[in-house]
Amino acid sequence: MPISTSMSFCFCSVREENLASMLNGSITLDELRENRDNQYLDVKQASFEHYTEELIELLGEGHYALCDLLFLADNTPLHEQHDGLLYDVAVAPKIVKAFAATDLKKLVHDIGYHEAESQEGLNTFLENLNHVHKLFEFAEENKLNVVGFML
């Protein structure tokens, strides 16, 4: 089976003032992410570039603590303006705890490709999970919001 790459579930840390600028239309999510002149502080990004659809489906079943990644996001008004999900400063620590409470290796195994795919692909997916976890830890430590979006 080929690796699912039709979409990526991405995350970007964002300061409160930059989030306000996004909501009032002064900047776009793409401008924030590009951060060409490093004018936006504390912008970090991480994503699930493989198995995104499968991960969302598995988390949607609610059997893992990490399902909070889907269920604790606020989808308005950021969603209406930027097709994004907001994990505000109060939610980021809950996501960090959800990552810590989830056996990521079991999650990767339960995606269902453990026999069909190469170990390298699964290791990359596990690495992506860890990068997203670190992004939420960074957001928690620095009291930042996180925006989730699809590419």
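For the structure, check the block above.
Small disclaimer: the values here were computed from a predicted structure and weren't measured. (Residues numbered from 1 in each chain as written. Predicted model: local features only at pLDDT ≥ 70, side-chain atom pairs only at ≥ 80, totals over all residues. Heavy atoms only, no water.)

On to the sheet that holds strand β4 (residues 145–150), then. Here four strands make up an open sheet; going across it, the order is β2-β1-β4-β3 and the pairing antiparallel. Of all the strands in the sheet, just β2 (45–48) and β3 (84–87) have a single pairing partner and so form its edges. Within this sheet the neighbouring strands show an average axis-to-axis angle of 25 degrees, counted without direction. Across the sheet, helix α1 (residues 16–23) lies against β1 (9–14), β3 and β4, angled at about 115 degrees from β1, the strand it touches most. (Pairing = 2+ DSSP bridges. Helix = DSSP H or I, 4+ residues; strand = E, 2+ residues; numbered from the N terminus. Axes fitted to C-alpha atoms, helices over the stretch in contact; angles between N-to-C directions. Contact = heavy atoms within 4.5 Å.)

So, on to the nonpolar core. Looking at soluble globular proteins, one finds that nonpolar side chains tend to be buried together. In terms of nonpolar packing, the biggest core is built from 35 residues, with Phe11, Phe48, Leu69, Tyr87, Leu129 and Phe136 touching the most fellow members. Elements with a minimum of two residues in this core: β1, β2, α3 (52–60), α6 (92–100), α7 (104–110) and α8 (119–141). Examining the composition of this core, we find that nine residues originate from one element, α8, more than from any other. Sequence-distant contacts of Tyr87, that is, excluding residues within four places in its chain, are made with Phe9, Phe11, Leu69, Ala73, Ile95, Phe136, Asn145, Val146 and Gly148. Counting 14 residues, the second-largest nonpolar core is a separate cluster that includes Cys12, Tyr40, Val43 and Val147. (Core = buried A, V, L, I, M, F, W, Y, C linked by side-chain atoms within 4.5 Å. Buried < 20%, exposed > 50% of the residue type's maximum accessible area, 1.4 Å probe, protein only.)

Next up on the list: the environment of His79. Tracing the sequence through the fold places His79 in helix α5 (residues 78–82). Its relative accessible area of 36% is what places His79 among the partly exposed residues. Once the C-alpha coordinates of His79 and Phe149 are considered, the two residues, 70 residues apart in sequence, prove to be 8.8 Å apart.

Next up on the list: α6. Of all the positions in α6, only Ala92, Ile95, Val96, Ala98 and Phe99 are classed as buried. Looking straight down α6, one finds its buried side chains confined to an arc of 160 degrees; they lie on one side. For α6, the exposed residues set more than 90 degrees away from the buried face come down to Lys97 and Ala100. The secondary structure elements touched by the buried residues of α6 are β2, α4 (68–71), β3, α7 and α8. (Arc of directions from axis to C-beta.)

Turning our eyes to something else, we now look at the packing of α6 against α8. In the contact formed by α6 and α8, the axes pass within 8 Å of each other and the chain directions differ by 145 degrees. α6 and α8 meet at a crossing whose hand is left-handed. Facing Ala92, Pro93, Ile95, Val96, Phe99 and Ala100 of α6, the residues of α8 in contact are Leu129, Val132, His133, Phe136, Glu137, Ala139 and Glu140. Here the contact of α6 with α8 is built from residues that sort into 10 nonpolar, one polar and two charged. (Left-handed = near helix turned anticlockwise from the far one by under 90°. Nonpolar A, V, L, I, M, F, W, Y, C, P; charged D, E, K, R; others polar.)

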